[in-house]
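Each chain is listed here by its residues.
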Amino acid sequence: MSIAGTLLRSRAVALASPHGVDRYLELVNPMWAAHEVRARLVEIHHEVDVPGEPPVATLTFQPTNTWRGHRPGQYVQLSVDLPGARRLTRCFTLSSAGSRPGDRFTVTMRANPDGEVSRFLVEQAAVGQVVHLSQAAGDFVLPEAVPEHIVFITGGSGITPAMAMLRSLLLRTHRGRVTFVHYARSPEHQIFRAELEEISTTGYGVDLHLVYPEQGGRNFSPMELERIVPNFRDVDTWLCGPAGLVEAVRPAYEADGPNDRLRVEYFKPPRASGTAGGRLAFDRSGIEAENSGESILEQAEAAGLKPTFGCRMGICFSCTATKTEGTVRNVLTGETSDRPDEQIRICVSSPEGDCAIDL
Ligand code: FES
């Protein structure tokens, strides 16, 4: 019997709670876990290093065998213990093709100047660093029955989930058509540049369009997409990028009403532009402020509070809090809601007039 197996069967461990078991195992070996998921950093590959700009790196992790695997396009919540014994959790998209239980996977991230976790992982972490993980989650994924023709439209770092799906399709030797349109600032800013160049040279059945609008490439236009993909509104499309790109592409697909062929994930949500005015009250802390129209998370931080958050994009639900009174607007969908005692994601909700939150 292995030492881990012996420990798991020991009387002390058997009496401990699930987390207690993992505390015992972690002390002996950080890569032993009965319930929690942890992973060891085994490789760091710098994708983009433009002087004066935040670098982008792909990190390869070996998870504990408690990792259940992931579907390409999903994300994971990753926690690191930073100097000063602070554990911070943030949400990152997995960039590798799907993984099975215990398989290695990659996460690609930009060292966001305001992001303590991404800066630490890209700029300071060394091979051997152990991180804590959630299981993979998210429904911006390919369906089990892969459509014959797939279109990806991505911008900047929004290429990451699409790249995971593309890699998975190539591994599965997908026989259908893939059209991949990606917008980046320049070839130097292009994440996965070498791999994309290889794909564009060898083909692999992928119709690849790398567009650099700052270098003479044209911004998204429905006419140009129609030229590349005739009747594009009838083709299954995955769109991921900054708000400007999403807001340009979505109306083209929804010209005749909602279109379930288009799946959207914001890489950066639109800046909340709710209606300024009214009072925003944080019940538990007794703080009240003029509603600036920004997201409730930003307004809480501006008021000196430190709410829990992960992705700041509305996908991980870490920031969920109870709205006790008032109306909020979801900045991703534009929908408003005035139900009392409602659970809302404060990173993508902005108040409409007077509002109270249990924070
Ligand atoms: S921080 Fe992830 S949903 Fe708000």
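Residues numbered from 1 in each chain as written. Predicted model: local features only at pLDDT ≥ 70, side-chain atom pairs only at ≥ 80, totals over all residues. Heavy atoms only, no water.

Visitor: When you look at the packing of aromatic side chains in this model, what are you seeing that I'm missing?
Guide: To describe a pair of aromatic rings, one takes the distance between the centres and the angle between the planes. Under the defined criterion, the tally for this structure stands at five aromatic pairs. On the numbers, 5.4 Å between centres and 45° between planes, the contact of F152 with F180 is tilted. Placement of F152 in strand 7 (residues 149–155) and of F180 in strand 8 (residues 177–183) is noted, with a sequence separation of 28 residues between them. On the basis of relative accessibility, which here comes to 0%, the residue F152 falls in the buried class. A network of ring pairs unites the aromatic residues F61, W67 and F105 as a single cluster. Lying across the ring of F309, R312 places its NZ or CZ 4.4 Å from the centre. A cation over a ring is seen here: R345 above F317, with NZ or CZ 4.9 Å from the ring centre. (Phe/Tyr/Trp six-rings, centres within 6.5 Å; stacked < 30°, edge-to-face > 60°. Helix = DSSP H or I, 4+ residues; strand = E, 2+ residues; numbered from the N terminus. Buried < 20%, exposed > 50% of the residue type's maximum accessible area, 1.4 Å probe, protein only. Lys NZ or Arg CZ within 6 Å of the ring centre and 35° of its normal.)

Visitor: Explain the pattern of salt bridges to me, please; I cannot follow it from the model alone.
Guide: A side chain with one charge can pair with a side chain of the opposite charge if their charged atoms come near. According to the stated counting rule, one finds 17 salt bridges in the structure shown. The salt bridge involving D103 is made with R100; its shortest N-O contact spans 3.2 Å. A cluster of three or more residues bridged by salt bridges with shared partners is formed by E53, R185 and E214. (Salt bridge = Lys/Arg side-chain N within 4 Å of Asp/Glu carboxyl O.)

Visitor: What exactly am I supposed to notice about the pairing of strand 2 (residues 56–63) here?
Guide: Put simply, side chains in a regular strand alternate between the two faces of the sheet. Most of strand 2 sits out of view: seven of its eight residues are buried. With eight bridges joining them, strand 1 (residues 37–48) and strand 2 adopt antiparallel strand pairing. Counted as the bridge partner of L41 is F61 from strand 2. With six bridges connecting them, strand 2 and strand 5 (residues 105–110) associate as antiparallel partners. Bridging across to strand 5, T58 finds its partner in T108. (Pairing = 2+ DSSP bridges.)

Visitor: Before we go on, may I ask you to explain the domain arrangement of the chain in this structure?
Guide: By a widespread convention, an interface's size corresponds to the accessible area lost as its parts come together. When cut into domains, the chain gives domain 1 (1–34), domain 2 (36–133), domain 3 (149–266) and domain 4 (279–357). Relative to domain 4, the C-alpha centre of domain 2 lies at a distance of 28 Å. Contact residues are listed per partner, giving five residues for domain 2 and six residues for domain 4. If you sort the residues of domain 2 by the area they bury against domain 4, Y75, R90 and C91 come out on top, with a joint share of 74%. Counting every contact that joins domain 2 to domain 4 gives zero salt bridges. On the surface where domain 2 and domain 4 come into contact, there are one residue pair in polar contact (both at pLDDT 80 or more). Of all the secondary-structure elements, those providing two or more residues to the side of domain 2 that touches domain 4 are strand 3 (75–82) and strand 4 (86–93). (Domains from an automatic or database assignment. Contact = heavy atoms within 4.5 Å. Buried area = accessible area lost by both parts, 1.4 Å probe. Polar contact = N/O pair within 3.5 Å; in protein donor to acceptor, adjacent residues only side chain to side chain.)

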